[in-house]
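This is what each chain is made of:
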Amino acid sequence: MTSKHTIMKDLDWSSLSFGYRKTDYNVRCYYRNGQWGEIEVCSDEYINMHMAATCLHYGQEAFEGLKAYRCPDGKVRVFRMDENAKRLQSTSRGILMPEVPTELFEEMVKKVVVLNQEWIPTYESGATLYIRPLLVGTGAQVGVHPADEYLFLIFVTPVGPYFKGGFYANPYVIIRDHDRSAPLGTGIYKVGGNYAASLTANKKAHDLGYACEFYLDAKEKKYIDEAGAANFFGIKNNTYVTPKSTSILPSITNKSLMQLAEDLGLKVEQRQIPEEELETFEEAGACGTAAVISPISRIDDVETGKSYVFGEKPGPISEKLYTHLRNIQYGIEEDKHGWTTVVIE
């Protein structure tokens, strides 16, 4: 059921891939002379910027990812956008960019969703409206310095499920000869450089026939770090265990799952997890905005010949957490932690 006043684009929502599709508007705000300007509405997909902009040369670039959900009650909700604002502020402090105030961030998210509401997929399709905030240094520098001008913009695009076929288990492979970030580097920030650093390892994993690469810590290669571009979690003895590390991006999905695991009566542990502990987990998964939970069927260590097997089907606790979180996002179950915001009634 969609809200009565909305005209929908005539798309086959259920066949959408997880990719970019042009929508009608994006919203922008410039930082100049030490302050943020007015919100601008734009229908151009391109950015006009100086060739010496710091985002192009020195990696002054950060992004976020969140979603808008068309719900069975006809309303449109977004999930924990205040947490995305906080994480972008943390990233901005980390690479010396001005912080986007939470109020400005939230106002721009709401505005871009309302402007593009015809592009929000139907509830039944399983597709969502992906929201991509982007902050870039646009000021020209040739020396290695932060810019004096920045652009914050948000665009949206309707997307299908991250993994076609939905909620099923995938094999991962441990890659030791590539690190996505160093322990005291930019791993805790959502900057493009971390993703550029993961492209080779990801291709290697795909070439070997795996869904994704699996990283150990960059310093000692002993502890679990990340599962591709997502956080890892394991389930054993009624406990939700997830790595603690200075090079892992703090996932908002993982933070939410930890709370829901506690709500379900599980213990939650965030700590270093040695690789060999993998064999003690009953279930394992990767979690993030795109897929919510991607269950892991097995993790192969091709260097040692060891294979950690969790099963071809998603485990019962992973399934319960996945369903519970999605039901909160879609307004089906009670949102007792106040995570969702209705942006269209």
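Everything in this summary refers to the structure shown in the same document. Going along each chain's sequence as written, the residues are numbered from 1 onward. With pLDDT at 70 or above as the cut-off, local features in this predicted model cover only qualifying residues; side-chain atom pairs require 80 or more to be listed or tallied, and sums for whole chains, interfaces and linings still use all residues. Only hydrogens and water are removed before side-chain values are computed, so all heavy atoms of the structure are retained for them.

Topic: the overall build of the protein chain
Where helices and strands are cited, they refer to DSSP runs of H or I of at least four residues and of E of at least two residues respectively, numbered from the N terminus. The helix and strand inventory of the protein chain stands at seven helices and 18 strands. It is over C-alpha atoms that the radius of gyration is taken, and the globule rule equals 2.2 Å times the number of residues to the power 0.38. Here the C-alpha radius of gyration of the protein chain, 20 Å, is about what a compact globule of 345 residues would show, namely 20 Å. Oriented by its inertia axes, the alpha-carbon framework of the protein chain measures out at about 55 × 55 × 35 Å. Relative to its full complement of 345 residues, the protein chain shows a buried share of 52%. Shrake-Rupley sampling with a 1.4 Å probe provides the accessible areas, and residues are treated as covered by the protein chains on show and by no other component. About 15500 Å² of surface is accessible on the protein chain, with carbon and sulfur atoms providing 50% of the total. Distance between charge centroids for the protein chain: 1 Å, based on 37 positive and 46 negative side chains. Relative accessibility under 20% of the residue-type maximum defines a buried residue, over 50% an exposed one, and the middle range a partly exposed one, all with a 1.4 Å probe and only protein chains included. The sign given to each residue is positive for Lys and Arg and negative for Asp and Glu; His and the chain ends receive no count. Charged groups are reduced to one reference atom each: NZ for lysine, CZ for arginine, CG for aspartic acid, CD for glutamic acid.

A closer look at helix α3 (residues 102-115)
A rise of 1.5 Å per residue sets the reference length of α3, with its 14 residues, at 20 Å; its end C-alpha atoms lie 20 Å apart and thus fit the reference within 8%. The complete set of buried residues in α3 reads Leu-104, Phe-105, Met-108, Val-109, Val-112 and Val-113. The buried residues of α3 occupy an angular sector of 160° when projected down its axis, which confines them to one face. How far a helix is expected to stretch is found by multiplying one less than its residue total by 1.5 Å. Within this analysis, the arc is defined by the directions that extend from the helix axis to the C-beta atoms.

With respect to the environment of Leu-278
Looking at the element boundaries, Leu-278 is found in the loop between β14 (267-271) and β15 (283-288). For Leu-278, a relative accessible area of 0% puts it in the buried group. For the pair Leu-278 and Gly-185, spaced 93 residues apart in the sequence, the C-alpha separation amounts to 26 Å. If we ignore the near neighbours within four places in the chain, the residues touching Leu-278 are Phe-214, Ile-224, Phe-232, Ile-299, Tyr-308 and Phe-310. In what follows, residue pairs with any heavy atoms lying within 4.5 Å of each other are defined as contacts.

So, the packing of aromatic side chains
Ring pairs shown here join Phe, Tyr and Trp side chains whose ring centres sit within 6.5 Å, with only the six-membered ring taken for Trp; geometry is labelled stacked below 30 degrees between planes, edge-to-face above 60, and tilted in between. Per the counting criterion, the structure on display carries 13 aromatic pairs. Centre to centre, the rings of Tyr-31 and Trp-36 are 5.2 Å apart; their planes meet at 65°, and the pair counts as edge-to-face. Overall, the relative accessible area of 17% leaves Trp-36 in the buried class. Measuring from ring centre to ring centre gives 5.7 Å for Phe-79 and Trp-339, while their planes differ by 85°; the resulting arrangement is edge-to-face. Of the two residues, Phe-79 sits in strand β6 (residues 76-79) while Trp-339 sits in the loop between α7 (316-329) and β18 (340-344), which places them 260 residues apart along the sequence. Given a relative accessible area of 8%, Phe-79 falls into the buried group. Through pairs of rings, three or more aromatic residues link up here, namely Tyr-31, Trp-36 and Tyr-150. The rule is short: NZ of Lys or CZ of Arg within 6 Å of the ring centre and within 35 degrees of the ring normal puts a charge over the ring. If you follow Arg-32 out to its NZ or CZ, it ends over the ring of Tyr-30, 4.3 Å from the centre. Sitting above the plane of the Phe-281 ring, Lys-236 keeps its charged end 5.3 Å from the centroid.

Remarks on the layout of surface pockets
Using a probe with the size of a water molecule, rolled over the atoms, empty space left in the structure can be pinpointed. Buried and open spaces are told apart on a 1 Å grid over the protein atoms alone, a cavity being a set of points where a 1.4 Å probe fits but cannot get out and a pocket being an open set with protein on both sides within 12 Å along at least five of seven lines. Residues with an atom within 4 Å of a point are the lining residues. Grid points are joined across faces, edges and corners, and a volume is the space filled by probe spheres set on the points. Approximately 900 Å³ is the volume attributed to the largest pocket. Taken together, 39 residues form the lining of the largest pocket, with Tyr-162, Lys-190, Tyr-195, Ala-229 and Ala-290 sitting closest to its centre. Counting residues per element, the ones that place at least two in the lining of the largest pocket are β7 (128-137), β8 (150-159), α5 (199-207), β10 (212-216), β11 (224-227), β12 (230-236), α6 (252-263) and β15. Classification used: nonpolar for Ala, Val, Leu, Ile, Met, Phe, Trp, Tyr, Cys and Pro, charged for Asp, Glu, Lys and Arg, polar for all others including Gly. Grouping the constituent residues of the lining of the largest pocket by class yields 22 nonpolar, twelve polar and five charged.

Description of empty space enclosed by the protein
In this structure the tally under the stated criterion is three cavities of 30 Å³ or more. Considering only enclosed or pocket space, the largest cavity measures out at about 90 Å³ in volume. Lining the largest cavity are Gly-65, Leu-66, Lys-67, Tyr-69, Phe-79, Asn-84, Ile-252, Thr-253, Thr-289, Val-292 and Gln-329. Taken together, the elements giving at least two residues each to the lining of the largest cavity come down to β5 (66-70) and α6. If you tally residues by element for the lining of the largest cavity, the top one is β5, at three residues. Of the residues belonging to the lining of the largest cavity, the class tally is five nonpolar, five polar and one charged. In terms of lining, the second largest cavity is formed by Arg-180, Asn-194, Tyr-195, Ser-198, Glu-213, Glu-226, Gly-228, Ala-229 and Leu-249.

Observations concerning the pattern of salt bridges
Within this document, salt bridges are pairs made up of a side-chain nitrogen of Lys or Arg and a carboxyl oxygen of Asp or Glu, the two lying within 4 Å of each other. For the coordinates displayed, the defined rule picks out 23 salt bridges. Where Glu-149 meets Arg-32, a salt bridge forms, and the shortest distance between an N and an O atom there is 3.7 Å. Taken as a pair, Glu-149 in the loop between β7 and β8 and Arg-32 in strand β1 (residues 26-32) lie far apart in primary sequence, 117 residues in all. Note that Arg-93 is salt-bridged to Glu-99, the shortest N-O span being 3.3 Å. Three or more residues are tied together by salt bridges with common partners; here these are Arg-80, Glu-83, Lys-86 and Lys-255.

Examining the packing of helix α2 (residues 81-94) against α3
The N-to-C vectors of α2 and α3 enclose an angle of 130°; their axes lie 9 Å apart at closest approach. In terms of orientation, α2 and α3 fall into the oblique class. Crossing hand, α2 versus α3: right-handed. The segment α2 lies against α3, with Met-81, Asp-82, Asn-84, Ala-85, Leu-88 and Gln-89 engaging Thr-102, Phe-105, Glu-106, Val-109 and Lys-110. Broken down by class, the residue content of the contact of α2 with α3 amounts to five nonpolar, three polar and three charged. Axes here refer to lines fitted to C-alpha atoms; in helices the fit is confined to the stretch in contact. Angles between the N-to-C directions go from 0 to 180 degrees. Angles are sorted into four bins: roughly parallel if under 35 degrees, roughly antiparallel if over 145, roughly perpendicular if 65 to 115, and oblique for all others. Left-handed is the label given to a crossing in which the near helix is rotated counterclockwise from the far helix by less than a right angle, and right-handed is the label when the rotation is clockwise.

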